[in-house]
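# Chains, contacts and geometry: an overview
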Amino acid sequence: MHYLSVKNMVYCSNCGTQIADDSYFCPKCGKKTQAGKAAKVNYPSDELQDAFYQVGIELERAFNMAARETHQAIKNARSNWQQNHKPSQEQTITCPKCGTKNPTGSIFCISCGARLTPVEESSGSA
């Protein structure tokens, strides 16, 4: 004789489907059974929610790191720009008439008013 092991059967408290008493979820409606509650099993959606939470934490870390790196890059760029755009003795034009040092790009002397750059001749046909 061959005997089949028969599990005790219970009914789903949500939909009434007969299920094995050691089932964690109802196969018809997905409701967690008493065995599932006792075993403290998670719903698949609980696992998904945990995964999203972990992704959120990782994204927050990544955004914070990106913000710090961007802030530092802007700070470095500002510092480099300021160092490269400071007026220096080499970036001046000396007036041929009075010897005053004028800022680069000056056309007239800031001290005597003399012209610092030659007048450009117009290129045109006569």
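Just so you know, these numbers come straight off a predicted model, no measurement behind them.

Here we come to the overall build of the chain. Helix and strand counts for the chain stand at two helices and four strands. Scanning the chain from its N terminus toward the C terminus, one meets helices and strands in the order β-β-α-α-β-β. Within the chain, buried positions represent 12% of all 126 residues. Carbon and sulfur atoms form 54% of the exposed surface of the chain, whose accessible area is close to 10,900 Å².

So, about a nonpolar patch on the surface. Taken together, the side chains of Val55, Leu59 and Phe63 define a hydrophobic patch exposed on the protein surface, amounting to about 310 Å² of accessible area. If you trace the backbone, Val55 turns up in helix 2 (residues 44-84).

The residue Lys40 is not glycine, and still its phi comes out positive at about 55 degrees. With respect to the helices and strands, Lys40 occurs in the loop between helix 1 (34-39) and helix 2. The exposed category is assigned to Lys40, whose relative accessible area is 69%.

Here we take up the environment of Asp21. With respect to the helices, strands and loops of the structure, Asp21 is situated in the loop between strand 2 (18-20) and helix 1. Taking the C-alpha atoms as reference points, Asp21 and Gly36, separated by 15 residues in sequence, lie 9.8 Å from one another. Setting aside its immediate chain neighbours within four residues, Asp21 contacts Asn8, Met9, Val10 and Ala35.

Our focus in this paragraph is the pattern of salt bridges. For the structure on display, the rule yields one salt bridge. Of the charged contacts, one joins Glu58 and Arg61 as a salt bridge, the two residues approaching to 2.8 Å between their closest N and O atoms. Of this pair, Glu58 and Arg61 both sit in helix 2, separated by three residues, roughly a single helical turn. A residue is classified by how much of its surface remains accessible, and Glu58, at 44% relative accessible area, is partly exposed.

Residue-level pLDDT values for the chain average 84, and 85% of them are 70 or greater. Taken together, the stretch residues 1-5 has pLDDT below 50 and engages in zero contacts with residues farther than four places along the chain or on a different chain.

With that settled, consider the environment of Cys95. Relative to the elements of secondary structure, Cys95 occurs in the loop between strand 3 (92-94) and strand 4 (101-103). Among the residues examined, Cys95 registers a relative accessible area of 3% and is labelled buried. Taking the C-alpha atoms as reference, Cys95 lies 8.6 Å from Cys112; in sequence the two are 17 residues apart.

You can see Lys32 is positioned in the loop between strand 2 and helix 1. The exposure class assigned to Lys32 is buried, which follows from its relative accessible area of 15%.

This part takes up the state of the cysteines. Using the criterion set out here, one finds zero disulfides in the structure. Free of any disulfide, Cys98 has its nearest cysteine sulfur in Cys109, 3.6 Å distant. Classification of Cys109 by relative accessible area gives buried; the value is 7%.

Scoring rules and cut-offs
Residues numbered from 1 in each chain as written. Predicted model: local features only at pLDDT ≥ 70, side-chain atom pairs only at ≥ 80, totals over all residues. Heavy atoms only, no water. Helix = DSSP H or I, 4+ residues; strand = E, 2+ residues; numbered from the N terminus. Buried < 20%, exposed > 50% of the residue type's maximum accessible area, 1.4 Å probe, protein only. Areas by Shrake-Rupley, 256 points an atom, 1.4 Å probe, with all protein chains shown as cover. Patch = residues over 30% accessible without salt bridge, like charges linked within 9 Å, V, L, I, M, F, W, Y side chains within 5 Å. Salt bridge = Lys/Arg side-chain N within 4 Å of Asp/Glu carboxyl O. Contact = heavy atoms within 4.5 Å. pLDDT = per-residue confidence, 0-100. Disulfide = S-S within 2.5 Å.

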